[in-house]
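Understanding the architecture of this molecule
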Amino acid sequence: AQSVAQPEDQVNVAEGNPLTVKCTYSVSGNPYLFWYVQYPNRGLQFLLKYITGDNLVKGSYGFEAEFNKSQTSFHLKKPSALVSDSALYFCAVRDRTARQLTFGSGTQLTVLP
Amino acid sequence: DAMVIQNPRYQVTQFGKPVTLSCSQTLNHNVMYWYQQKSSQAPKLLFHYYDKDFNNEADTPDNFQSRRPNTSFCFLDIRSPGLGDAAMYLCATSREVGKVPYEQYFGPGTRLTVT
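These numbers come from a predicted model, not from an experiment. (Residues numbered from 1 in each chain as written. Chains lettered and ligands numbered in written order. Predicted model: local features only at pLDDT ≥ 70, side-chain atom pairs only at ≥ 80, totals over all residues. Heavy atoms only, no water.)

**As for the interface of chain A and chain B**
Accessible area lost during the coming together of the parts is what is often quoted as the interface size. If you look at the interface, chain A gives 21 residues, while chain B gives 27 residues. In this assembly, chain A packs against chain B so that about 1,900 Å² is buried in total across both faces, 54% of it on carbon and sulfur atoms. Taken together, chain A and chain B are joined by two salt bridges. Between Arg94(A) and Glu96(B) there is a salt bridge, with the nearest N and O atoms lying 3.2 Å from each other. Summed over the shared surface of chain A and chain B, the result is eight residue pairs in polar contact (both at pLDDT 80 or more). (Contact = heavy atoms within 4.5 Å. Buried area = accessible area lost by both parts, 1.4 Å probe. Salt bridge = Lys/Arg side-chain N within 4 Å of Asp/Glu carboxyl O. Polar contact = N/O pair within 3.5 Å; in protein donor to acceptor, adjacent residues only side chain to side chain.)

Next comes the structure, spelled out in structure tokens:
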């Protein structure tokens, strides 16, 4: 079985400061990992994914995430937060035999001006 | 622009009255998914089509059905909506070739209200 944990329901950060949204996962074998963002009353937008290779993955809008196999984590980061980054962020995982994604419970990011 | 389109964006139905939500895509993706999302919770997969093959999640109620008449369109039918079925319904697509995991593209969702 595959599962994802996002331990923080809410993250607040000041504009211009670095942000981190945490994600840990559990799968059998090597994972495929994804981050999505959702704005109010909208569908999910893909930010980035880890498949294989370099542990640091760069994605859209200046976001990046680091795959850490020993800690089974895939935290989302951005060096300098913008107010417009305020949204709901979902981490998702699938193992290499499944087609379905399993989503975390989501983290509401608020960037304060 | 290639995209995933959902109609309508907002749907109000009465308790027990059948309702159909539609999804279309111009991405020519071979996999289409339907998710249910309640109150900013994690999207919950209901079922998906891999090409023409229908795959139902074990805990999806029988009240939910789906049709995919061609590559571009997919429908979600709720036969007898209950108050607990009020939610955002998200359609997504992806291109799957073997086991290479391409990302899913989501539509804007249909918000279903049951009165």
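**Some remarks on the packing of aromatic side chains**
Taken as a whole and assessed by the stated rule, the structure comprises 17 aromatic pairs over all chains. Taking the centre distance of 6.1 Å and the plane angle of 25° together, the rings of Tyr25(A) and Phe67(A) count as stacked. Pair noted here: Tyr25(A) is in strand E4 (residues 24–26) and Phe67(A) is in strand E8 (residues 64–68), with a separation of 42 residues, a long-range link. Exposure remark for Tyr25(A): the relative accessible area of 8% places this residue in the buried category. Judged by centre distance (5.6 Å) and plane angle (50°), the ring pair of Phe63(A) and Tyr89(A) falls under tilted. Placement of Phe63(A) in the loop between strand E7 (56–58) and E8 and of Tyr89(A) in strand E10 (residues 87–95) is noted, with a sequence separation of 26 residues between them. For the pair Phe63(A) and Tyr89(A), one class covers both residues: buried. Among the aromatic residues, ring-to-ring pairing joins Phe34(A), Tyr36(A), Phe46(A), Phe90(A), Phe103(A), Tyr33(B), Tyr35(B) and Phe106(B) into one connected group. Here the guanidinium or amino end of Arg95(B) rests over the ring plane of Tyr102(B), the centre of that ring lying 4.2 Å away. (Phe/Tyr/Trp six-rings, centres within 6.5 Å; stacked < 30°, edge-to-face > 60°. Helix = DSSP H or I, 4+ residues; strand = E, 2+ residues; numbered from the N terminus. Buried < 20%, exposed > 50% of the residue type's maximum accessible area, 1.4 Å probe, protein only. Lys NZ or Arg CZ within 6 Å of the ring centre and 35° of its normal.)

**Notes on the pattern of salt bridges**
All names here are of chain A. Tallied over the entire structure, the rule returns six salt bridges over all chains. Two residues, Glu64 and Lys58, come together in a salt bridge whose shortest N-O distance is 2.9 Å. The partner of Asp85 in a salt bridge is Lys78, and the shortest N-O contact between them spans 2.8 Å.

**Structural notes on the nonpolar core**
As a rule of thumb, nonpolar side chains are buried together in soluble globular proteins. All names here are of chain A. Of all hydrophobic cores here, the largest spans 27 residues; its most connected members are Trp35, Leu47, Leu48, Phe74, Leu76 and Tyr89. At the level of elements, strand E2 (10–14), strand E3 (19–21), strand E5 (31–38), strand E6 (44–50), E8, strand E9 (73–78), E10 and strand E12 (107–112) are the ones that each hand at least two residues to this core. Among all residues touching Tyr89, those that are not within four sequence positions of it are Gln6, Trp35, Tyr36, Val37, Leu47, Phe63, Leu76, Gly106, Thr107 and Leu109. (Core = buried A, V, L, I, M, F, W, Y, C linked by side-chain atoms within 4.5 Å.)

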